[in-house]
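# Structural features, examined
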Amino acid sequence: WAELMSAGEDNDDLIDNLKEAYYIRSDLVERAFRAIDRADYYLEDYRDNAYKDLAWRHGNIHLSAPCIYSEVMEALDLQPGLSFLNMGSGTGYLSTMVGLILGPAGVNHGIELHADVMEYAYRKLDSFIRTSDSFDRFEFCEPSFVVGNCLEIPAESRQYDRVYCGAGVQKDQEDYMKNLLKLGGILVMPLEEKLTKITRGANSWESKKIISVSFAPLVLPKHTSGSARAFPLPQYEVRSLQELARLCIRHVLRVTTDGGDSVGRGLAVAGLHKYGPRFKRRRIHRRHCNALILATRQVVASSGIGPAPSDTNNHRVEDEEACQREERRQTGELFRPQPAVNVLRQRILGLPLPEPLKMFLLFYREK
C-alpha cells in the first residue's frame, strides 16, 4: 500500500492519492492540504520523500504520514472561529493547515517539547507568511507555539474547542486530556494504538476508533509529583485596532468585484471562496508520443490506406509537435502547474496608497 501511495510527483499528486484512498473526504480539508506544500516542511536534502505517504524523522524533527494528518483533520471537524490546541506541534505543518480553516477569529495554539523544533516551526511559519500565495488567498489564524511538556499544563488553563495530541496516550492519561476540552468539543489522539475521536457532550462522552496507528508515547515529566512545574499556554491576545483594520481591508479586497456592482460576486471573479480557493484539478493522462505515432502509422499501413499527398506535410508537423510535447513532458514543463494569479496582491499593489502601507497590507513584516 505504501508503494501505491508513494507515486506522487508533487503535492497535488499526493492529495489526489489521499482523496482516491478516501483519507480526504471534505472540500474544506482538501483546500487546506493543497494550499500547503508538504515539501516546504522538510529539510532540503530530504525533500524527494515529501510526497510519499510515509512518516519522516530527522533528529527531533518529525512529520506524521499524510494519511494520518488527513484523518486527524477530518475527525476534528474544523470550522472558522474555533479554538485549537496542538500538543506536540512539531514543524507547524498541521497547525498551519488548521489556521487556514479557523480564520482570523480563531485561536491556534501549539505545545512542543523541543526548543529547536519550535524554532524550526517559527521559521517555516515566517516563510509561509512572507512567500506563500496561500496566505493572501485564505483568512488565516496564525499559530502560536510554546516549549513545554503537554502533561504539565496548569489545571486552571483555558479549554479548547478542538484538541489534538501527536503522541501515544495511555489509558490513565485519558481524563487529563479530556479536561482540556470545552463542552461540545472534539479531542483526537492516539489512544492505546488507535487514533481515537472523543466528543464531549452535556452529560456524556462519545468515543470513536478511527484507524490503528503506532505513535511514540508521551514523554513523562522528569519532575516528581511533589515538584512538578507547570508552564503557561500561549496567551490569547486581543488584536490591535491596526491589525483589525488590516484584516478588514484584506477581506473587503478579497470579496469585492472590480465593478462593485454585486457584493460577493468577487468570490467567483477572483477564484476565491470564504474558506480559500476552490481547487479543481484536471488529471492528465501521460502518454508517450512515440508510441502514439507508431500505433497510428501501423493502423494506416494495415488498412492499406495511405495519406493523401497533400496531407504529408500536416502529418510531419503533427509528428514534430507530438515529439516536442513528449520532450516537454520528460522535462516536466508540460505538467508543471502554472501559478495562479494572486488577485488580492494585485489589488493591493494597485491601490493609491503609500508603499509602506501597501507592504503592511501584504504583511511583509520587517524585523
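Only a predicted model underlies this, so the values are computations on that prediction, with no experimental measurement involved. (Residues numbered from 1 in each chain as written. Predicted model: local features only at pLDDT ≥ 70, side-chain atom pairs only at ≥ 80, totals over all residues. Heavy atoms only, no water.)

## Details of the overall build of the chain
- Per the secondary structure count, the chain includes 14 helices and 9 strands.
- Across the 367 residues in the chain, those meeting the buried criterion constitute 45%.
- Of the roughly 20,000 Å² that the chain leaves accessible, carbon and sulfur atoms contribute 52%. (Helix = DSSP H or I, 4+ residues; strand = E, 2+ residues; numbered from the N terminus. Buried < 20%, exposed > 50% of the residue type's maximum accessible area, 1.4 Å probe, protein only. Areas by Shrake-Rupley, 256 points an atom, 1.4 Å probe, with all protein chains shown as cover.)

## So, unusual backbone geometry
- Positive phi values are uncommon outside glycine, yet Tyr-22 reaches one of about 70°.
- Position of Tyr-22 among the secondary structure elements: in the loop between helix 2 (11-20) and helix 3 (27-35).
- Assessed through its relative accessible area of 57%, Tyr-22 is described here as exposed.
- Of note in this structure, Asp-77 is not a glycine but carries a positive phi near 50°.

## Comments concerning the nonpolar core
- By size, the foremost hydrophobic cluster in this structure holds 52 residues, and its most contacted members are Phe-33, Val-72, Met-73, Tyr-93, Leu-94, Met-97 and Val-188.
- Leave out the neighbours within four places in its chain, and Met-73 touches Val-29, Ala-32, Phe-33, Leu-78, Leu-94, Met-97, Val-98 and Ile-101.
- Val-163, Cys-165, Leu-181 and Leu-233 belong to the second-largest nonpolar core, a separate cluster that totals 23 residues. (Core = buried A, V, L, I, M, F, W, Y, C linked by side-chain atoms within 4.5 Å. Contact = heavy atoms within 4.5 Å.)

## Some details on helix 3
- When you tally the buried positions in helix 3, you get 8 out of 9 residues, the bulk of the element.
- Three or more residues of helix 3 are buried, namely Leu-28, Val-29, Glu-30, Arg-31, Ala-32, Phe-33, Arg-34 and Ala-35.
- Tucked inside the fold, the buried residues of helix 3 contact helix 2, helix 4 (66-76), helix 5 (93-102) and helix 7 (134-137).

## Some points on the pairing of strand 3 (residues 83-87)
- In terms of burial, strand 3 is a largely internal element, 5 of the 5 residues being buried.
- Burial along strand 3 is two-sided: Ser-83, Leu-85 and Met-87 and Phe-84 and Asn-86, pointing in opposite directions, are all buried.
- As paired elements, strand 3 and strand 4 (residues 107-112) share 5 bridges and run parallel to each other. Residue Phe-84 lies in a different strand from strand 4, and its bridge partner there is Asn-108.
- Assessed by its sense of winding, the connection that carries the chain from strand 3 through helix 5 to strand 4 is right-handed.
- Sheet topology places strand 3 next to strand 6 (residues 160-165); 4 bridges connect them, and they run parallel. When the sheet's bridge partners are listed, Phe-84 is paired in strand 6 with Arg-162. (Pairing = 2+ DSSP bridges. Right-handed = clockwise from strand over helix to strand, strands pointing away.)

## Describing the pattern of salt bridges
- Within this structure, the stated rule accounts for 17 salt bridges.
- Here Glu-30 and Arg-34 are joined by a salt bridge, their closest N and O atoms 2.9 Å apart. Pair noted here: Glu-30 and Arg-34 are both in helix 3, with a separation of 4 residues, about one helical turn.
- Given the relative accessible area of 10%, Arg-34 is considered buried.
- Close ionic contact of Arg-250 with Asp-136 constitutes a salt bridge, the shortest N to O distance being 2.9 Å. Note that Arg-250 is positioned in helix 9 (residues 241-255) and Asp-136 in helix 7, a separation of 114 residues in sequence.
- Each of Asp-12, Asp-16, Lys-19, Glu-30 and Arg-34 takes part in salt bridges that share partners, so that together they form one network. (Salt bridge = Lys/Arg side-chain N within 4 Å of Asp/Glu carboxyl O.)

## Re the environment of Phe-138
- Structurally, Phe-138 can be placed in the loop between helix 7 and strand 5 (144-147).
- For Phe-138, a relative accessible area of 2% translates into the label buried.
- When the C-alpha atoms of Phe-138 and Arg-254 are compared, they prove to be 9.2 Å apart, with 116 residues separating the residues in sequence.

## Focus: the confidence of the model for the chain
- Model confidence for the chain is summarised by a mean pLDDT of 81, while 72% of its residues fall at 70 or above.
- Across residues 1-6 the pLDDT falls below 50, and counting only partners more than four positions away or on other chains, this stretch makes 10 contacts in the model.
- In this model residues 282-310 is a low-confidence stretch, pLDDT under 50, and it forms 24 contacts with partners more than four residues away in sequence or in other chains. (pLDDT = per-residue confidence, 0-100.)

## Some points on the packing of helix 4 against helix 5
- Close contact between helix 4 and helix 5 brings their axes to 11 Å; oriented N to C, the two are set at 35°. Pair helix 4 / helix 5 crosses with right-handed handedness. Taken together, the residues of helix 5 that come into contact with helix 4 (itself represented by Tyr-69, Val-72 and Met-73) are Tyr-93, Leu-94, Met-97, Val-98 and Ile-101.
- For the contact of helix 4 with helix 5, the residue count by class is 8 nonpolar, no polar and no charged. (Axes fitted to C-alpha atoms, helices over the stretch in contact; angles between N-to-C directions. Left-handed = near helix turned anticlockwise from the far one by under 90°. Nonpolar A, V, L, I, M, F, W, Y, C, P; charged D, E, K, R; others polar.)

## Overview of the packing of aromatic side chains
- A complete count under the given rule lists 8 aromatic pairs for this structure.
- Where Tyr-69 meets Tyr-93, the ring centres are 5.4 Å apart and the plane angle is 70°; that geometry is what we call edge-to-face. Note that Tyr-69 is positioned in helix 4 and Tyr-93 in helix 5, a separation of 24 residues in sequence. We note that Tyr-69, like Tyr-93, is buried.
- Cluster of aromatic residues (ring-pair linked, three or more members): Tyr-41, Tyr-69 and Tyr-93.
- A cation over an aromatic ring shows up here: Arg-25 above the ring of Tyr-22, its NZ or CZ 5.5 Å from the ring centre.
- Lying across the ring of Tyr-236, Arg-158 places its NZ or CZ 5.6 Å from the centre. (Phe/Tyr/Trp six-rings, centres within 6.5 Å; stacked < 30°, edge-to-face > 60°. Lys NZ or Arg CZ within 6 Å of the ring centre and 35° of its normal.)

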